[in-house]
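# Fold and geometry: a report
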Amino acid sequence: TIDAGGRCPFALVADGGEKAALTGLTLRNAGKGGVSAQHRSTRLKLNGVLFEGVGGTRSKGAVYAVGSTLDIRDSRFTGNSAEKGGALWLEKGAFAEVVGSLFSENRAQIGAAVYAYGDVELNITESRFTGNKTLSGGMGGAVAIRSNSTLNGDKLHFQNNHAQGKGGAIYAEESSSQKQCAV
């Protein structure tokens, strides 16, 4: 368990093409965000990781990825917050595969749990989104995808997610698409 006491900008930073794997870790109370992956050749695997109470309204949330590849399995994102994507903030060509994970009680202005912007490919399977909420007019109570980003979803469960603006469960705009999204 890592409890950053709100003082740590990021618990893990991979921005030079590293390959990292975290298994069975609990990360709590990181100030600006939990994990930052910011390079096209960066590969990050999260298996059985709990992110709890990470971030704040001006932070990057539990996981912030720009152009990186994420493989997330059997992980939990609970009570995290950010400006965008309280659990996952994905940008500029990032690729994320999420399987068997729980997103609950996350908060953000847009995409309370997950935010994808700028040619992101997001595949989510057998995962649950419960009690996520956007702030002051925000869109995407659970997931927001924008600007040529793609969401492929299968066996997803959405319950009690709330958007102050549009898209209680999923919000998509600016040529974004939802393919094979079975809920």
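As a reminder, the structure under discussion sits directly above these lines.
For the structure given in this document, a descriptive report is provided here. Predicted model only: the values in this text are computed from it and were never measured.

Attention now moves to the pattern of salt bridges. Summed over the entire model, instances satisfying the criterion amount to four salt bridges. Of the charged contacts in the structure, one is a salt bridge between Glu-173 and Arg-146, with a shortest N-O distance of 2.8 Å. Here the residue Glu-173 occupies a position in strand E23 (residues 170-173), and Arg-146 occupies one in strand E20 (residues 143-146), the gap between them amounting to 27 residues. Considered together, Glu-173 and Arg-146 belong to a single accessibility category, that of buried residues.

Turning our attention to unusual backbone geometry. Backbone geometry at Lys-92 places phi at a positive 45°, although glycine is not the residue there. Topologically, Lys-92 is positioned in the loop between strand E12 (88-91) and strand E13 (95-99). Positive phi, normally seen in glycine, also occurs at Lys-155, with a value near 55°. As for its position among the elements, Lys-155 is in the loop between strand E21 (150-154) and strand E22 (157-159). Judged by its relative accessible area of 53%, Lys-155 falls in the exposed class.

Before going further, it helps to spend a moment on the sheet that holds E12. Hydrogen bonds between backbone groups are what pair the strands of a sheet, and the pairing can be parallel or antiparallel. With parallel pairing, seven strands are arranged side by side in an open sheet as E2-E5-E8-E12-E16-E20-E23. Of all the strands in the sheet, just strand E2 (12-14) and E23 have a single pairing partner and so form its edges. When the angles between neighbouring strand axes are averaged without regard to direction, this sheet yields 10°. Direction of pairing for strand E5 (residues 33-37) relative to strand E8 (residues 61-66): parallel, over a ladder of four bridges. Bridging across to E8, Gly-33 finds its partner in Gly-61.

Summed over all chains, the structure comprises seven aromatic pairs. Taken together, a centroid distance of 6.3 Å and an interplanar angle of 85° make the contact between Trp-89 and Tyr-115 edge-to-face. On the criterion of sequence distance, the pair formed by Trp-89 in strand E12 and Tyr-115 in strand E16 (residues 114-117) is long-range, its members being 26 residues apart. Accessibility expressed as a relative area gives 4% for Trp-89, which makes it buried. Judged by relative accessible area, Tyr-115 falls into the buried class, the value being 1%. Feature note: the residues Phe-51, Phe-77, Phe-103, Phe-129 and Phe-158 constitute an aromatic cluster, connected by ring pairs. Here the basic side chain of Lys-60 rests over the ring of Tyr-64, its NZ or CZ set 4.7 Å away from the ring centre. A cation over an aromatic ring shows up here: Lys-60 above the ring of Trp-89, its NZ or CZ 4.3 Å from the ring centre.

Moving on, we come to the nonpolar core. In this structure, Phe-51, Val-63, Phe-77, Leu-88, Leu-90 and Phe-103 are the most contacted members of the largest nonpolar core, which totals 36 residues. In terms of residue count, the dominant contributor to this core is E8 (three residues). Dropping the residues within four chain positions of it, Phe-51 is found in contact with Leu-27, Val-35, Leu-46, Ala-62, Val-63, Arg-76, Phe-77, Thr-78 and Asn-80. In terms of nonpolar packing, the next biggest core, distinct from the first, is built from eight residues, Tyr-64, Trp-89, Ala-144 and Tyr-171 among them.

When a strand is regular, its side chains alternate between the sheet's two faces. Alignment of strand E9 (residues 69-73) against E13, held across five bridges, turns out to be parallel. Residue pairing in the sheet places Leu-70 in a bridge with Ala-96 of E13.

Cut-offs applied
Residues numbered from 1 in each chain as written. Predicted model: local features only at pLDDT ≥ 70, side-chain atom pairs only at ≥ 80, totals over all residues. Heavy atoms only, no water. Salt bridge = Lys/Arg side-chain N within 4 Å of Asp/Glu carboxyl O. Helix = DSSP H or I, 4+ residues; strand = E, 2+ residues; numbered from the N terminus. Buried < 20%, exposed > 50% of the residue type's maximum accessible area, 1.4 Å probe, protein only. Pairing = 2+ DSSP bridges. Axes fitted to C-alpha atoms, helices over the stretch in contact; angles between N-to-C directions. Phe/Tyr/Trp six-rings, centres within 6.5 Å; stacked < 30°, edge-to-face > 60°. Lys NZ or Arg CZ within 6 Å of the ring centre and 35° of its normal. Core = buried A, V, L, I, M, F, W, Y, C linked by side-chain atoms within 4.5 Å. Contact = heavy atoms within 4.5 Å.

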